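Residue-level structure breakdown
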Amino acid sequence: MSKIDRIMTIGLVIFWLMVLMISSLITGGILAKYENAFAVLPLLVTFIPMLTDTGGNAGSQSSTLIIRGMAVGEIEPGDFMKVAWKELRVGTLVGFVLGVVNFIQLMIRFPGQPLVCATVVVSLMATVILAKTIGCMLPMAAKVLHMDPAIMAAPLITTIVDALSLVIYFQLACALLGL
């Protein structure tokens, strides 16, 4: 790699990190919007890291597999629908398994809070499905736009999934728990 290529790569990395840092203000805004829900039921805050981390990990895992598949020529942007359908099914299976395991441990840790447990589990399942689907779509979109999916996909997925998982979680909490 030439010196100019290294400088360009570093510049792109800095650009994406800056975009993602600024976009994290959206996540902060979402949390601020649901501040009243925290006041009514502070327990809700405890599950935010698990939801956002699991979503980010699921999306990054999916994007890594897609990027690898594109790098070795197994996946082309024209395979979009086939790949998206597969990731939707995998996300559903993974979300279900994680949801069942999580529901059991939550019911043990927080007896008498079945609606809170259900809120967390349904949010987790939706987050994983969404993350796996977004995780396969962004690298393919980056390739079509002649961008390097390896530099932008995983961090962008994490940012998008964090924001969407929080919206899903708090909308469900408000609906199921009457907040």
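In what follows, the accompanying structure is described. Being a predicted model, the structure only gives us computed values, none of them experimental. (Residues numbered from 1 in each chain as written. Predicted model: local features only at pLDDT ≥ 70, side-chain atom pairs only at ≥ 80, totals over all residues. Heavy atoms only, no water.)

Backbone geometry places His146, a non-glycine residue, at a positive phi of 60 degrees. Residue placement: His146 occurs in the loop between α5 (114-144) and α6 (149-177). (Helix = DSSP H or I, 4+ residues; strand = E, 2+ residues; numbered from the N terminus.)

Once that is clear, we can look at the nonpolar core. In terms of nonpolar packing, the biggest core is built from 35 residues, with Phe47, Leu106, Tyr169 and Phe170 touching the most fellow members. Elements represented by at least two residues in this core include exactly α1 (3-33), α2 (35-40), α3 (48-71), α5 and α6. With eleven residues, the single largest contributor to this core is α6. Apart from residues no more than four positions distant in its own chain, Leu106 is found in contact with Phe47, Cys117, Val120 and Val121. Listed in part, the seven residues of the second largest apolar core include Met70, Ile75, Ala84 and Met140. (Core = buried A, V, L, I, M, F, W, Y, C linked by side-chain atoms within 4.5 Å. Buried < 20%, exposed > 50% of the residue type's maximum accessible area, 1.4 Å probe, protein only. Contact = heavy atoms within 4.5 Å.)

It is worth spelling out the packing of α3 against α6 at this point. In the contact formed by α3 and α6, the axes pass within 8 Å of each other and the chain directions differ by 145 degrees. Both α3 and α6 take part in a crossing whose hand is right-handed. Between α3, through Ile48, Leu51, Thr52, Gly55, Gly56, Gly59, Ser60, Ser63, Ile67 and Met70, and α6, the contact on the second element is made entirely by Pro149, Ala150, Ala153, Ala154, Ile157, Thr158, Val161, Asp162, Ser165, Leu166, Tyr169 and Phe170. Looking at the contact of α3 with α6, its residues break down into 13 nonpolar, eight polar and one charged. (Axes fitted to C-alpha atoms, helices over the stretch in contact; angles between N-to-C directions. Left-handed = near helix turned anticlockwise from the far one by under 90°. Nonpolar A, V, L, I, M, F, W, Y, C, P; charged D, E, K, R; others polar.)

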